[in-house]
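Geometric and topological summary
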Amino acid sequence: QVHLVESGGGLVQPGGSLRLSCAASGSIYSIELMAWYRQAPGKQRELVSSITSGGSTNYADFVKGRFTISRDNAKNTVYLQMNSLKLEDTAVYFCHANIYNSSYYRNNYWGQGTQVTVSS
């Protein structure tokens, strides 16, 4: 089995910063694309940022210049550094990964989500 566990969410004032982490564990052979999504109340889940195993990154327009995604392949962990947070960044943030397990079977995995609340 494979699990993704997020951490780092919380309450922050507008303009503040948070760093999210997502660690993958279990019977992992390799991890391909890793990504962060978010879902605000009453809205659909949307892609925030993604990063390939080689380090190529992609960002949604609404976070460009404010958020930075990175990963540590040795630790099977992806990070999301969020700066200059806005009220509209309030959402549950989910980690997603494409993972080959030890049987070389590829599947998509989601974390349980971590709440980020931006409020004054």
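A few points on the structure. (Residues numbered from 1 in each chain as written. Predicted model: local features only at pLDDT ≥ 70, side-chain atom pairs only at ≥ 80, totals over all residues. Heavy atoms only, no water.)

**Re unusual backbone geometry**
One non-glycine residue, Asn76, lies in the positive phi region at around 50°. In this structure, Ser84 takes a positive phi of about 50° despite not being glycine. Take Ser84: it is sitting in the loop between strand E8 (77-82) and strand E9 (91-101). (Helix = DSSP H or I, 4+ residues; strand = E, 2+ residues; numbered from the N terminus.)

**Concerning the pattern of salt bridges**
Any two side chains of opposite charge can pair, so long as their charged atoms come close to each other. With the rule as written, the count across this model stands at four salt bridges. Taking the shortest distance from any N to any O, the salt bridge between Arg38 and Glu46 comes out at 2.9 Å. Residue Glu46 is classed as partly exposed on the basis of its relative accessible area of 31%. Ionic pairing is found between Asp61 and Lys64, a salt bridge with its closest N-O pair at 3.2 Å. What you see here is one network of salt bridges that share partners, running through Arg38, Glu46, Arg66 and Asp89. (Salt bridge = Lys/Arg side-chain N within 4 Å of Asp/Glu carboxyl O. Buried < 20%, exposed > 50% of the residue type's maximum accessible area, 1.4 Å probe, protein only.)

**Section: the side chain of Arg38**
As for its placement among the helices and strands, Arg38 is situated in strand E4 (residues 28-39). Reaching out from Arg38, the side chain makes a polar contact with the side chain of Asp89 at a distance of 2.9 Å. At 3.0 Å, the side chain of Arg38 forms a polar contact with the side chain of Tyr93. (Polar contact = N/O pair within 3.5 Å; in protein donor to acceptor, adjacent residues only side chain to side chain.)

**Overview of the packing of aromatic side chains**
Scanning all chains against the criterion turns up two aromatic pairs. Both rings, one in Tyr29 and one in Tyr104, keep their centres 4.7 Å apart while their planes meet at 80°; by these two values the pair is edge-to-face. With Tyr29 in strand E4 and Tyr104 in the loop between E9 and strand E10 (106-110), this pair connects stretches of sequence that are 75 residues apart. Residue Tyr29 shares its accessibility class with Tyr104, and that shared class is exposed. A cation sits over an aromatic face here: Arg19 above Tyr79, 4.1 Å from the ring centre. The lysine or arginine in question, Arg45, covers the ring of Phe94, its NZ or CZ lying 3.7 Å from the ring centre. (Phe/Tyr/Trp six-rings, centres within 6.5 Å; stacked < 30°, edge-to-face > 60°. Lys NZ or Arg CZ within 6 Å of the ring centre and 35° of its normal.)

**Digging into the sheet that holds E8**
Read across the sheet, four strands follow the order E1-E3-E8-E7 without closing on themselves; strand pairing throughout is antiparallel. On the outer flanks of this sheet lie strand E1 (2-7) and strand E7 (67-72), each paired with one strand and no other. Strand-to-strand twist across the sheet, computed as the mean angle between neighbouring axes with direction ignored, equals 15°. Relative to E8, strand E3 (residues 18-26) runs antiparallel, the two being bridged by six bridges. Bridge pairing in E8 places Ala23 opposite Thr77. (Pairing = 2+ DSSP bridges. Axes fitted to C-alpha atoms, helices over the stretch in contact; angles between N-to-C directions.)

**Describing the nonpolar core**
Within the largest apolar cluster, 31 residues are counted, with the highest numbers of intra-cluster contacts made by Trp36, Leu80, Met82, Tyr93 and Ile99. Elements supplying a minimum of two residues to this core: E1, E3, E4, strand E5 (46-51), E7, E8, E9 and strand E11 (114-118). A total of five residues in this core trace back to one element, the largest contributor, which is E9. The residues touching Ile99, leaving out its near neighbours within four places in the chain, are Val2, Leu4, Ala24, Ile28, Ser30, Ile31, Tyr105, Arg106, Asn107 and Tyr109. (Core = buried A, V, L, I, M, F, W, Y, C linked by side-chain atoms within 4.5 Å. Contact = heavy atoms within 4.5 Å.)

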